[in-house]
Amino acid sequence: MQFEDPLFLTNALCGLSFLLAGAFMHNFPPKEINPLYGYRTRRSMKNQKNWEFAQEYSAKKLLQTGALLLISSILGLVWNVEESFSLLVTLAILILCIIYLFYTTETQLKRLENQK
């Protein structure tokens, strides 16, 4: 087993971080729009309704992406490839997870605004 492989180590640590952040945001969402804490984009901070929706929805997506990153970290234990390639795969997975998180949340916020 290769616990020092970037594919395992980075995805496992990022996955745990995403899970912890998602659980924290789910249990203690920021109540009011603020400059420090929460899912903060122009659209989410537009009004209180968007803000509350974005906090709940992004917390769920953080939990999903955290679980996905943890699952993908298993690849680092079973897939024996060169370290530089492993690092590229790791970064690609992490970037795709972050894009997924923002894209899905912003898409849902846009739908919410169009329902008005």
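Up top is the structure.
Owing to the predicted nature of the structure, the values given are computational and were not obtained by experimental measurement.

Draft legend 1. Inspection of the overall build of the chain at higher detail. Scanning the chain for helices and strands turns up three helices and zero strands. Put simply, the chain runs from its N terminus to its C terminus through helices and strands in the order α-α-α. Expressed as a percentage of its 116 residues, the buried residues of the chain come to 38%. A fraction of 72% describes how many contacts in the chain between residues 6 or more apart in sequence connect residues 24 or more apart. Carbon and sulfur atoms provide 67% of the accessible area of the chain, an area that totals close to 7300 Å².

Draft legend 2. Spotlight on the side chain of Asp5. Structurally, Asp5 can be placed in the segment before helix H1 (6-27). Among the polar contacts listed, one links the side chain of Asp5 to the side chain of Ser86, at a separation of 2.6 Å. In contact with Asp5, not counting residues within four places along its chain, are Gly76 and Ser86.

Draft legend 3. Spatial organisation of the packing of helix H2 (residues 48-78) against helix H3 (residues 83-114). For the pair H2 and H3, the least separation of the axes is 9 Å and the interaxial angle reads 155°. One element, H2, and the other, H3, form an angle in the roughly antiparallel class. For H2 against H3, the interelement crossing comes out right-handed. When grouped by side-chain class, the residues that make up the contact of H2 with H3 number 13 nonpolar, eight polar and three charged.

Draft legend 4. Main features of the nonpolar core. Counting residues in hydrophobic clusters, the biggest one holds 15 residues, and the most contacted among them are Phe18, Met25, Tyr39, Leu62, Leu69, Ile93 and Leu109. Counting only elements with at least two residues in this core, the list comes to H1, H2 and H3. Among the elements that line this core, the one with the most residues is H3, at seven residues. Those residues in contact with Leu69, other than ones at most four positions away along the chain, are Asn11, Cys14, Gly15, Phe18, Ile93, Leu94 and Cys97.

Draft legend 5. The pattern of salt bridges, seen in detail. In this structure the tally under the stated criterion is four salt bridges. A salt bridge links Arg43 to Glu106; its shortest N-O distance comes to 3.6 Å. Of this pair, Arg43 sits in the loop between H1 and H2 while Glu106 sits in helix H3, and the two are 63 residues apart along the sequence. We classify Arg43 as partly exposed; its relative accessible area is 26%.

Parameters at a glance
- Residues numbered from 1 in each chain as written.
- Predicted model: local features only at pLDDT ≥ 70, side-chain atom pairs only at ≥ 80, totals over all residues.
- Heavy atoms only, no water.
- Helix = DSSP H or I, 4+ residues; strand = E, 2+ residues; numbered from the N terminus.
- Buried < 20%, exposed > 50% of the residue type's maximum accessible area, 1.4 Å probe, protein only.
- Contact = heavy atoms within 4.5 Å.
- Areas by Shrake-Rupley, 256 points an atom, 1.4 Å probe, with all protein chains shown as cover.
- Polar contact = N/O pair within 3.5 Å; in protein donor to acceptor, adjacent residues only side chain to side chain.
- Axes fitted to C-alpha atoms, helices over the stretch in contact; angles between N-to-C directions.
- Parallel < 35°, antiparallel > 145°, perpendicular 65-115°, else oblique.
- Left-handed = near helix turned anticlockwise from the far one by under 90°.
- Nonpolar A, V, L, I, M, F, W, Y, C, P; charged D, E, K, R; others polar.
- Core = buried A, V, L, I, M, F, W, Y, C linked by side-chain atoms within 4.5 Å.
- Salt bridge = Lys/Arg side-chain N within 4 Å of Asp/Glu carboxyl O.

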